[in-house]
Amino acid sequence: MIYHLFEWLGFPGPANLVRYLTFRAGAATMTALVLALLIGRPMIDWLRARQGKGQPIREDGPESHLLTKKGTPTMGGLLILVCMTASTLLWMEWDLPFVWAILFITLGFGTIGFIDDYAKVTRSSSAGVSGRVRLLLEFLIAGAAVWFISRQTGTMLYFPFLKDAGIELGPLYIAFGALVIVGAANAVNLTDGLDGLAIMPVIIAAATFGVIAYLVGNFVFAEYLGVHFVRGAGELIVIVGAIVGAGLGFLWFNAPPAAVFMGDTGSLAIGGAIGGLAVVTNHELVLLVVGGLFVLEAVSVIVQVASFRMTGKRVFLMAPIHHHFEKKGWSEPTIVIRFWIVAIVLALAGLATLKLR
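If you're wondering where the values come from, they're calculated on a predicted model, not measured in any experiment.

Reading guide: rules and limits
- Residues numbered from 1 in each chain as written.
- Predicted model: local features only at pLDDT ≥ 70, side-chain atom pairs only at ≥ 80, totals over all residues.
- Heavy atoms only, no water.
- Helix = DSSP H or I, 4+ residues; strand = E, 2+ residues; numbered from the N terminus.
- Rg over C-alpha atoms; globule rule 2.2 N^0.38 Å.
- Buried < 20%, exposed > 50% of the residue type's maximum accessible area, 1.4 Å probe, protein only.
- Contact = heavy atoms within 4.5 Å.
- Areas by Shrake-Rupley, 256 points an atom, 1.4 Å probe, with all protein chains shown as cover.
- Lys, Arg positive; Asp, Glu negative; His and termini not counted.
- Charge placed at Lys NZ, Arg CZ, Asp CG, Glu CD.
- Axes fitted to C-alpha atoms, helices over the stretch in contact; angles between N-to-C directions.
- Parallel < 35°, antiparallel > 145°, perpendicular 65-115°, else oblique.
- Left-handed = near helix turned anticlockwise from the far one by under 90°.
- Nonpolar A, V, L, I, M, F, W, Y, C, P; charged D, E, K, R; others polar.
- Expected span 1.5 Å × (residues − 1).
- Salt bridge = Lys/Arg side-chain N within 4 Å of Asp/Glu carboxyl O.

Colleague: A description of the overall build of the protein should follow, citing residues and the corresponding values.
Modeller: A count of helices and strands for the protein gives 15 helices and 2 strands. What you see for the protein is a C-alpha radius of gyration of 20 Å, in line with the 21 Å of a compact globule of 357 residues. Taken across its 357 residues, the protein has 54% of its residues classed as buried. Taking as baseline every contact in the protein between residues at least 6 positions apart, the subset at least 24 positions apart corresponds to 76%. Surface exposure of the protein reaches about 15,800 Å², of which carbon and sulfur atoms provide 70%. If the 24 positive side-chain charges of the protein are averaged to one point and the 21 negative ones to another, these points end up 5 Å apart.

Colleague: Tell me about the packing of helix H4 (residues 77–91) against helix H10 (residues 236–254), and name the residues and values.
Modeller: Running from N to C, H4 and H10 cross one another at 150°; their axes reach a closest spacing of 8 Å. With respect to H10, the axis of H4 lies roughly antiparallel. Here H4 and H10 pass one another in a crossing that is right-handed. Between H4 and H10, the contacting residues are Leu 79, Ile 80, Cys 83, Met 84, Ser 87, Thr 88 and Trp 91 on the first element and Val 238, Ile 239, Ala 242, Ile 243, Ala 246, Phe 250 and Phe 253 on the second. Each residue belonging to the contact of H4 with H10 can be placed in one class, and the counts come to 12 nonpolar, 2 polar and no charged.

Colleague: Tell me about H4, and name the residues and values.
Modeller: Between the first and last C-alpha of H4 there are 21 Å, a value that for 15 residues agrees with the 21 Å anticipated at 1.5 Å per step. The element H4 is extensively covered by neighbouring structure, given that 11 of its 15 residues are classed as buried. Where H4 is concerned, the buried positions are Gly 77, Leu 78, Leu 79, Ile 80, Leu 81, Cys 83, Met 84, Thr 85, Ser 87, Thr 88 and Trp 91.

Colleague: Could you give an account of the pattern of salt bridges, naming the residues involved and the relevant values?
Modeller: Once the charged atoms of two side chains with opposite charge are near each other, the side chains can pair. In total, this model carries 8 salt bridges according to the counting rule given. Ionic pairing is found between Arg 24 and Glu 93, a salt bridge with its closest N-O pair at 3.9 Å. With Arg 24 in helix H2 (residues 21–51) and Glu 93 in the loop between H4 and helix H5 (97–123), this residue pair connects regions lying 69 residues apart in the sequence. Under the relative-accessibility criterion, Arg 24 is labelled buried at 1%. A relative accessible area of 17% places Glu 93 in the buried class. Between Asp 45 and Arg 48 there is a salt bridge; the shortest N-O distance is 3.4 Å. Of the two residues, Asp 45 and Arg 48 are both situated in helix H2; the distance of 3 residues between them amounts to about one turn of the helix.

It is worth stressing that arrangement in space is one thing and function is another; only the former is reported here.
Printed below as a string of structure tokens:
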């Protein structure tokens, strides 16, 4: 909105800075952060008043969580969604399609998560929306978004480490892209089990794909790095900046001991956004590296379930894997900070793929 306002005015004086993507990305980050800090406490109080002190939390954690985390309001993802959306709309260039596609995914998945969280709160139960119904809605939203994105970027699956090499998937790309987005959303959802555990890796992954989006959206950089050029992808750094700012604002209240939980409202939304960023930039396979922590969490659940069904034995003391380390005696802050370190290392490894071609 601000971009088009100053465009109409002819970008007078210092307003010329608004022309630059990097300035608007920074402005989006600060706007979302300040807004989150301003409305965070009132929103948490509002959620607590409606949820009640006795509302059960997610029952997939150790028994100790029932005592230490009971009564903490969930659906804190609303804070992320409100601040991220407001900041993005304020600073984005409205006539570029990719930001709208990511907003569609984020708000769509956030709505599914909100309905799920709200059902749990109103029923005072950990049972929300049916898993099958939730997955169906997620694939419908992701499929529609990928269809729209692929009309701009094509249907080629590119390989990291190889210069402009890939496989033409054709119509199958829509199913593949939808799987990437849905998988990312649910992997982040599984990671959201300890105070501050999910949000910082999400910020790191989003910032990494912000760098990738800026580079693939610039013809000179894309040509130099040997990556597929995606016209207009650079504008995504504005929504990435908003996600980072809103995420940092949320972390202010989610840091141990958490005053609010993200809930499915937040984890599905921002997980889906990261998957969408990977699809737009044609770096779907790099997401496996950058989001390797989320992949590990999801795989630990799959392995645990498969092992128990086939052999009656569990591979981990508890899944997802962060609970395994809790059972082994690691403190919650130790697990969280060490997982953050892993996320940073994986993000750097993902960025390295840009040059190793």
